[in-house]
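Overview (structure and organization)
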Amino acid sequence: MDIQLFATTQLNLLQAEHAAEVLEQTTLITSLPPASLQRHGLALLNLSISTQSTGLGGRTVLELEPDAALTSDGKFPTHGLRSGDLVRVEEQPGGTAKKREKAELRAKGVEGVVHRVSETRFVVAVGGKKEQDDDAGVEALVTGGKRLWAVKLANEMTHRRMVKTMDMLRERGERGTAEGLVRVLFGLSDPAPLEDVPEVKWLGEGLNQSQKEAVKFALGSRDIALIHGPPGTGKTQTLLEIIRQLVLQTPPKRVLVCGPSNISVDNIALRLPPDLSIVRLGHPARLLPRVLARSLDVLTQTSGAGEIVKDVRQELDSMIAKLAIGGKNRIRGKERKEGWDQVRHLRGEFRFREGKATRDLVASSKVVLSTLHGAGGYQLRGEKFDVVIIDEGSQALEAQCWIPLFLSTGVSKLILAGDHLQLPPTVKSTAKEPPKISQPKEKRFRIPTSLEDTLFFRLLNLHGNEIKRLLNVQYRMHEDIMHFPSKYLYDSKLVADTSVAKRLLKDLPDVEENEDTSLPVLFIDTQGGDFPESVATDESKKPSISSSHSNPLEAALTIKYVRSLIAAGVKDTDIAVITPYNGQLSLLSSALRPDFPGLELGSVDGFQGREKEAIVFSLVRSNDKREAGFLREGRRLNVAMTRARRHLCVIGDAETVKHAGGFLREWVKWVEEGGEVRYPDVADVL
């Protein structure tokens, strides 16, 4: 495969994707009033700064609260901003503000990451990097005394790092200097023969045979190894064993573990043994609380050098407190400017001392864990790793996967884990690069023309099943729920472990046995006609901003079924209701959430990697044209139907969804031939 052509194609696709993301956000922010942005989950209005301090990593921490003049109970209204979101805090524009005025306020705002959200407090960590000094912006916000708001932002840093990496790859292709692992990843060299692996002393308990074979394969691989982990097959447990074995090899290997999301990395960090020397990179606001103790920021504070850092931090906070509005010993007049100068000096010293402690900690760690784009940060600059492990590789953009491979040194082996038969990475742009005339005819050597084409899938095409090992024992689903996905997607190779193969809802404590709790799989066929879908646009009346399908009568049927499960004793926390469309999700949420706060409601895409005892899946689509939309995507449906442990209920119109073809058509045939199908009467829900 032509490396230069590949990198150029990726750069074009990344540019189109970034443009689509920025356009979507800009369109919303410029066309909708602030109150609508808050309802869309993109902003939080009417804020005031209550405190300011220095947080982990030298970041300025702003604690904001609802404006007391506009709230009676001191609580925020419903909003969509969450911990880990990138936001800009700025002066809130007035209702009659012009575009120019809004732009000026944006330029004066400061960017940060949401650290913590509660009903009464909204905490944002600002800055913390050498190239960014937001002190002036923070000072303006603190001293301005104006009403503020927080606006959600697209993550520019991830895009810049992917572009930088593809530029480096293109240059290497131009010079013809690709070697080692890079050549294998582009088919310029074949994977090297496996090394003989001596008798393995297993460290984890309960590994099955397919997991042990996958571990041995990964240890014996000299360059690439793919771990194919279908739903519920213990992929994380397998990776944990691989990591621990690599560290114990002679000589020991240094390992960089990455994933496309923080949660994918945290799930591994949480389960590594406490005596293993590891460090988790990443913004503290984006990490699970239980991971913080092993994070770089916290370890820096608790190391020997951390005491000096702590002293500088206390002096810094003391000065900031004197500068704050309303402070008891507030500095005024000419001394105020000198005070802010001292803050900047102390912050510089803080970052210098913390930086040295950081470098020492990373250098001494045998295992470093980071998101894919986080691996491009300054903390790993010049660090050498023997092996890169990427979890959830089938959900990551290929350009993301090259960040740890290119911006670290000495990497000779890549272990990639995932399932290319579940959802690909989320892509907003519909852009596809047309195949170049110079492209070879063989499919396995073709340059990917869409960002949905992942490294995992490309390598499988390129080198075949010889570089892959399948995990085939699943520990999640009743065997009937598993049966069709196994047959249709996994060559009937999946096996349900005896611990899960027969379990049903009726086996849960305090759940009565009835016709619903005794079934593993149920299809409620609305047969179209009386259960038609509808399409509604949002309040802006601009379809380009938001439109979503819904089906009010099918929603009523879904709500009735969920209530019947709960009435039978199933806990609301054991049930998830999922649907491909936001319009339907809104109908279901407004009816169910007030009565059942523990019930989980969400989109199919957002539920990948999750599981519940019972899944109720509303398909929505029912129309005379037999248009099925999202339901044509087999990988999306595979995710939806493999989240349930004991009970799967699918509700939809068979006549419409059969026209989706592929996975869904065959699933409907399968359940009609040997499963439980019910045909509801619309009168039951009116």
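Residues numbered from 1 in each chain as written. Predicted model: local features only at pLDDT ≥ 70, side-chain atom pairs only at ≥ 80, totals over all residues. Heavy atoms only, no water.

This next bit is on the overall build of the protein chain. Helix and strand content of the protein chain: 20 helices and 23 strands. Whereas a compact globule of 686 residues would reach a radius of gyration of roughly 26 Å, the protein chain reaches 27 Å, a difference of no more than 12%. Each principal axis of the C-alpha distribution contributes one length, and for the protein chain these read about 85 × 65 × 55 Å. Counting every position in the protein chain, which comprises 686 residues, the buried fraction comes to 54%. Contacts spanning at least 24 positions in sequence make up 76% of the contacts within the protein chain whose residues lie at least 6 apart. Total accessible area on the protein chain is roughly 30500 Å²; 49% of this is exposed by carbon and sulfur atoms. The distance from the centre of the 94 positive side-chain charges to the centre of the 91 negative ones in the protein chain is 5 Å. (Helix = DSSP H or I, 4+ residues; strand = E, 2+ residues; numbered from the N terminus. Rg over C-alpha atoms; globule rule 2.2 N^0.38 Å. Buried < 20%, exposed > 50% of the residue type's maximum accessible area, 1.4 Å probe, protein only. Contact = heavy atoms within 4.5 Å. Areas by Shrake-Rupley, 256 points an atom, 1.4 Å probe, with all protein chains shown as cover. Lys, Arg positive; Asp, Glu negative; His and termini not counted. Charge placed at Lys NZ, Arg CZ, Asp CG, Glu CD.)

Next up on the list: the side chain of Glu 554. You can see Glu 554 is positioned in helix H16 (residues 552–567). In this structure Glu 554 is buried but unpaired, with Arg 621 as the nearest side chain of opposite charge at 9.3 Å. (Salt bridge = Lys/Arg side-chain N within 4 Å of Asp/Glu carboxyl O.)

Looking now at unusual backbone geometry. Here the bond from Thr 250 into Pro 251 is cis, since omega is -5 degrees, no more than 30 degrees from zero. By the secondary structure assignment, Pro 251 is in the loop between helix H8 (235–248) and strand S8 (255–259). Phi angles above zero are rare outside glycine, and Asn 46 is one such case at about 55 degrees. Among the secondary structure elements, Asn 46 is positioned in strand S1 (residues 43–54). Using a relative accessible area of 24% as the deciding quantity, one classes Asn 46 as partly exposed. If you check the backbone angles, Arg 626 has positive phi at about 60 degrees while not being a glycine.

This paragraph deals with the state of the cysteines. The tally for this structure, following the rule as stated, stands at zero disulfides. The thiol of Cys 258 is unpaired, and the distance to the nearest cysteine sulfur, on Cys 401, comes to 9.0 Å. On the accessibility criterion, Cys 258 (1% relative accessible area) is buried. (Disulfide = S-S within 2.5 Å.)

On to the environment of Glu 21, then. Take Glu 21: it is sitting in helix H1 (residues 3–31). When the C-alpha atoms of Glu 21 and Lys 428 are compared, they prove to be 6.5 Å apart, with 407 residues separating the residues in sequence. Residues within four places of Glu 21 in sequence aside, it is in contact with Ala 154, Asn 155 and Lys 428.

Turning to the side chain of Thr 165, a few remarks are in order. Relative to the assigned elements, Thr 165 resides in helix H5 (residues 156–175). Each residue touching Thr 165, except ones within four places of it in the same chain, is listed here: Trp 402, Ile 403, Phe 406 and Leu 407.

Once that is clear, we can look at the sheet that holds strand S11 (residues 387–390). As summarised here, the arrangement of the seven strands in space is S9-S10-S8-S11-S12-S7-S13, forming an open sheet in which the pairing is parallel. Strands at the two margins of the open sheet, each flanked by one partner only, are strand S9 (278–280) and strand S13 (468–470). Neighbouring strand axes in the sheet, compared pairwise and without regard to direction, differ in orientation by 15 degrees on average. As paired strands, strand S7 (residues 224–228) and strand S12 (residues 413–418) are joined by five bridges and run parallel to one another. If you follow Leu 226 over to S12, its bridge partner there is Leu 416. (Pairing = 2+ DSSP bridges. Axes fitted to C-alpha atoms, helices over the stretch in contact; angles between N-to-C directions.)

On to the pattern of salt bridges, then. Pairing of side chains with opposite charge becomes possible as their charged atoms draw close. All told, the structure shown has 32 salt bridges when counted by the stated rule. A salt bridge links Glu 452 to Arg 635; the shortest N-O distance between them is 4.0 Å. Placement of Glu 452 in the loop between S12 and helix H14 (455–463) and of Arg 635 in helix H18 (residues 634–641) is noted, with a sequence separation of 183 residues between them. Accessibility expressed as a relative area gives 24% for Arg 635, which makes it partly exposed. Each member of the salt-bridge network shares a partner with another, and the members are Arg 476, Glu 611, Glu 613, Arg 645 and Arg 646.

This part covers H5. The end-to-end C-alpha separation of H5 is 29 Å, in line with the 28 Å expected for 20 residues at 1.5 Å each. Buried positions along H5 lie against H1, helix H6 (181–185) and helix H13 (398–407). Two residues or fewer after H5 comes Gly 176, characterised by a positive phi angle close to 70 degrees. (Expected span 1.5 Å × (residues − 1).)

This part covers the confidence of the model for the protein chain. Looking at the protein chain as a whole, its pLDDT mean stands at 86, while 92% of the residues score no less than 70. Within the protein chain, strand S14 (residues 473–474) carries the highest mean pLDDT (98), whereas strand S17 (residues 534–537) carries the lowest (64). For the stretch residues 129–133, pLDDT sits under 50, and the model shows five contacts to residues farther than four places along the chain or on other chains. Low confidence marks residues 537–547, where pLDDT is under 50. Its contacts with residues over four positions away, or in another chain, come to 16 contacts. (pLDDT = per-residue confidence, 0-100.)

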